[in-house]
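The chain contents come next:
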Amino acid sequence: MNIVFISMDTMRASRLGCYGYEKPTSPYMDQIAEQGVLFERAYAADIPTEVAHTGIFTGKVGLRTGVVSHGSPLTQLPKKESWLPSLLQNHGFTTAAVDNLYQLKEWFARGYRYYINSVQKTRSIDGKSVNELAFKWIREHKEDDFFLFLHYWDPHTPYQPPASYVPAFYDKSRDPYDPANRSMHAAYNHAAYPFFKHHHYDLLGPVTDAAYVNALYDAEVRYLDDRLRDLDELLKAEGLYEDTLLILFGDHGESLTEHDIYWDHCGLYEASVQVPMIMRWPGRIPEGRRVKGLVQQVDMMPTILEAAGILTPANIDGRSLWPSIRGESEGTHDAIYLSECAWQASRGVVTKDYKFIRTLDAGPFVRPPRELYDLRVDPDETVNIAESSTAVADELAYQLDEWTEKMLNGRGDPMLTQIEAGLPFRNRIHEILLQYGLTWDEWIQDPRRDRFDEASAARHAGR
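What you are looking at is a predicted structure, and each value in this text was computed from that prediction instead of being measured.

Overview of the overall build of the protein chain
When helices and strands are counted, the protein chain shows 16 helices and 16 strands. Based on the C-alpha atoms only, the size of the protein chain along its principal axes is roughly 60 × 50 × 40 Å. Of the roughly 18300 Å² of accessible surface on the protein chain, a fraction of 49% belongs to carbon and sulfur atoms. Placing the 48 positive and 68 negative side-chain charges of the protein chain at their respective mean positions leaves the two points 3 Å apart.

What follows is the structure, given as structure tokens:
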């Protein structure tokens, strides 16, 4: 048996054809979904990347491991925690990863006999380069029972797809640099601008059309879709296709201007927390199965262990997806609890019908303390009904408090500790601002692009 476990960083479920998107971003992923099982309501309970992957490999939510933030020097993962690659290695699997998360935190290299760092000098981490590294390894170890973790970053900012992929998603009659177009104004004058200027906007040039940036995201998704096709063709050519459990998942989604979030993955809204999750195992997973109930990322660990015939640790939060795969149930949870602590500090709960969000620290955003959305009639979460449906909001708030207390089990709350130290991305922005003679408090009062650019130009002129 082989397991190919694929993280598609920043992959938003609703931008894939198999999740209802009308544009041709994912013809091959759509085909994989038809060959196996697709989970319609899969959630990243903890976002963004660092905490999501920690949960995936431990089978535990962030409040249980203490890892709730991203890019924070405060977080550590005890070595006693169960770790999926280690469990598989201990039971005879040859384990390997093509990944770079080790550069974030050391624990991401645990349990791998082969850890291949995917960092490169050009185009961030390119799916083609990930494949080149992975293909060589697969050919060398095709006689083994192996677990291979592949981490693709193509849909992540900065969006820089090959030029040939863009026309399918952006009307050639439009000008992305039209000075009369004002759709980028809100993004350029957002409090997060000092971070994204160098990270993303400067690389795109003077774009004025927000639709063009969204098109670049779609083009990145399609580029990755083609790389996954290449991977599948290799599995077939090497005789590995039939005995390989293939799992595709997003670590989190991406907000494409919704909720005042411009091409990033914060906010506990569907755009950022509902992710694709697709599994295929010829002859063992039924074709064309779509699971409609709630599932979450931590459920993948016990599912993989069960497939491999390995006893699942008793103290994890994940639940096996096999009953849902076999059609015996629809989902694994009645409610999924959500958390973020990087740009913002928020917790929430999503049920079959509702989403409740409580914000403890809004960071560079403006958020009400409580949000409630009726997902049945408002799937895009545009109307906050927390004030008009107080009974529902109060009940979900109580449910969230009960769950939080249970998960902490008498321990201190790591989110409150991080808020006291400062949210990681707010701290990063503050560090950038200080280089240009500004402070966070000054900037947040008047976050205008021209103000920051003038300070930047003055500093560079003084060199």
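Here we look at the pairing of strand S15 (residues 354-361)
Side-chain positions along a regular strand alternate between the two faces of the sheet. The buried fraction of S15 is high, at six of eight residues. Summarising the sheet, strand S14 (residues 345-351) and S15 pair through six bridges and their orientation is antiparallel. Its bridge partner being in S15, Ser346 is matched across the sheet by Thr359. Two elements, S15 and strand S16 (residues 370-374), share five bridges in a ladder whose sense is antiparallel. When the bridges of S16 are listed, Arg358 appears paired with Arg370.

Notes on the sheet that holds S14
Within a sheet, adjacent strands bond to each other through the backbone by hydrogen bonds, running parallel or antiparallel. The strand order across the open sheet formed by five strands is S3-S13-S14-S15-S16, and the pairing between neighbours is mixed. Strands with a single pairing partner mark the edges of an open sheet, and in this sheet they are strand S3 (46-47) and S16. Pairing geometry for S3 and strand S13 (residues 335-341), over two bridges, is parallel. Paired with Ile47 across the two strands is Glu340, which belongs to S13.

A closer look at the side chain of Thr75
Here Thr75 is to be found in the loop between helix H3 (62-65) and helix H4 (84-90). The buried category is assigned to Thr75, whose relative accessible area is 5%. A polar side-chain atom of Thr75 sits 3.4 Å from a polar atom in the side chain of Glu50. For Thr75, the side chain forms a polar contact with the main-chain oxygen of Ser72, separated by 3.2 Å. Ignoring sequence-local partners within four residues, the contact set of Thr75 consists of Glu50, Gly66, Val67, Ser69, Lys105 and Trp107.

Notes on the packing of aromatic side chains
Using the criterion set out here, one finds 33 aromatic pairs in the structure. A centroid spacing of 5.0 Å and a plane angle of 75° characterise the contact between Tyr436 and Phe452, whose relative ring orientation is edge-to-face. Residue Tyr436 is found in the loop between helix H14 (424-435) and helix H15 (440-445), and its partner Phe452 is found in helix H16 (residues 449-461); the two are separated by 16 residues along the sequence. For Phe452, a relative accessible area of 0% gives the class buried. Between Trp443 and Phe452 the ring centres are 6.0 Å apart and the planes differ by 65°, which places this aromatic pair in the edge-to-face class. An identical accessibility class is assigned to Trp443 and Phe452; each is buried. The structure contains a cluster of three or more aromatic residues connected by ring pairs, namely Tyr188, Tyr193, Phe195, Phe196, Tyr201, Tyr262, Trp263, Trp343, Phe425, Tyr436, Trp443 and Phe452. Stacked on the ring of Tyr223, the Lys or Arg Arg227 has its end atom at 4.6 Å from the ring centre. One Lys or Arg, Arg428, reaches over the ring of Phe425 and ends 4.5 Å from the middle of that ring.

Points about the pattern of salt bridges
Where charged atoms from two side chains of opposite charge come close, those side chains can pair. Under the defined criterion, the tally for this structure stands at 31 salt bridges. Asp218 is the salt-bridge partner of Arg15, the closest N and O atoms lying 3.0 Å from each other. You can see Arg15 sitting in the loop between strand S1 (2-8) and helix H1 (27-35) and its partner Asp218 sitting in helix H8 (residues 210-237), a full 203 residues away along the chain. A single burial state applies to Arg15 and to Asp218, both of which are buried. Between Asp374 and Arg376 there is a salt bridge, with the nearest N and O atoms lying 2.9 Å from each other. Using a relative accessible area of 14% as the deciding quantity, one classes Asp374 as buried. Residues participating in the shared-partner salt-bridge network are Lys197, Asp202, Arg449 and Asp453.

Remarks on the nonpolar core
Among the nonpolar cores identified, the biggest contains 134 residues, and Phe5, Ile6, Phe39, Trp263 and Met279 are the most heavily contacted of them. With 14 residues, H8 is the single largest residue contributor to this core. Counting residues in each nonpolar core, the second largest holds 22 residues, with Ile385, Met407, Met415 and Leu423 among its members.

Some words on H1
All of the buried residues along H1 are Tyr28, Met29, Asp30, Ile32, Ala33 and Gln35. Tucked inside the fold, the buried residues of H1 contact S1, strand S2 (37-43), H8, strand S7 (244-250) and strand S11 (277-280).

Here we look at unusual backbone geometry
The amide bond that connects Ile47 to the next residue, Pro48, takes the cis arrangement and shows omega of 0°. In this structure, Pro48 sits in the loop between S3 and helix H2 (49-58). Thr157 connects to Pro158 through a cis peptide bond whose omega is -5°. Mapped onto the elements of the fold, Pro158 is located in the loop between strand S6 (146-152) and helix H6 (185-188). At Thr10, a residue that is not glycine, the phi angle is positive and equals roughly 70°.

Observations regarding H14
Taking 1.5 Å of rise per residue, 12 residues should cover 16 Å, and H14 covers 17 Å from first to last C-alpha, within 8% of that figure. The set of residues buried in H14 consists of Pro424, Phe425, Ile429, Ile432 and Leu433. Check the buried side of H14 and you find it contacts helix H7 (193-204), S13, helix H13 (414-421), H15 and H16.

Conventions we followed
Residues numbered from 1 in each chain as written. Predicted model: local features only at pLDDT ≥ 70, side-chain atom pairs only at ≥ 80, totals over all residues. Heavy atoms only, no water. Helix = DSSP H or I, 4+ residues; strand = E, 2+ residues; numbered from the N terminus. Areas by Shrake-Rupley, 256 points an atom, 1.4 Å probe, with all protein chains shown as cover. Lys, Arg positive; Asp, Glu negative; His and termini not counted. Charge placed at Lys NZ, Arg CZ, Asp CG, Glu CD. Buried < 20%, exposed > 50% of the residue type's maximum accessible area, 1.4 Å probe, protein only. Pairing = 2+ DSSP bridges. Polar contact = N/O pair within 3.5 Å; in protein donor to acceptor, adjacent residues only side chain to side chain. Contact = heavy atoms within 4.5 Å. Phe/Tyr/Trp six-rings, centres within 6.5 Å; stacked < 30°, edge-to-face > 60°. Lys NZ or Arg CZ within 6 Å of the ring centre and 35° of its normal. Salt bridge = Lys/Arg side-chain N within 4 Å of Asp/Glu carboxyl O. Core = buried A, V, L, I, M, F, W, Y, C linked by side-chain atoms within 4.5 Å. Expected span 1.5 Å × (residues − 1).

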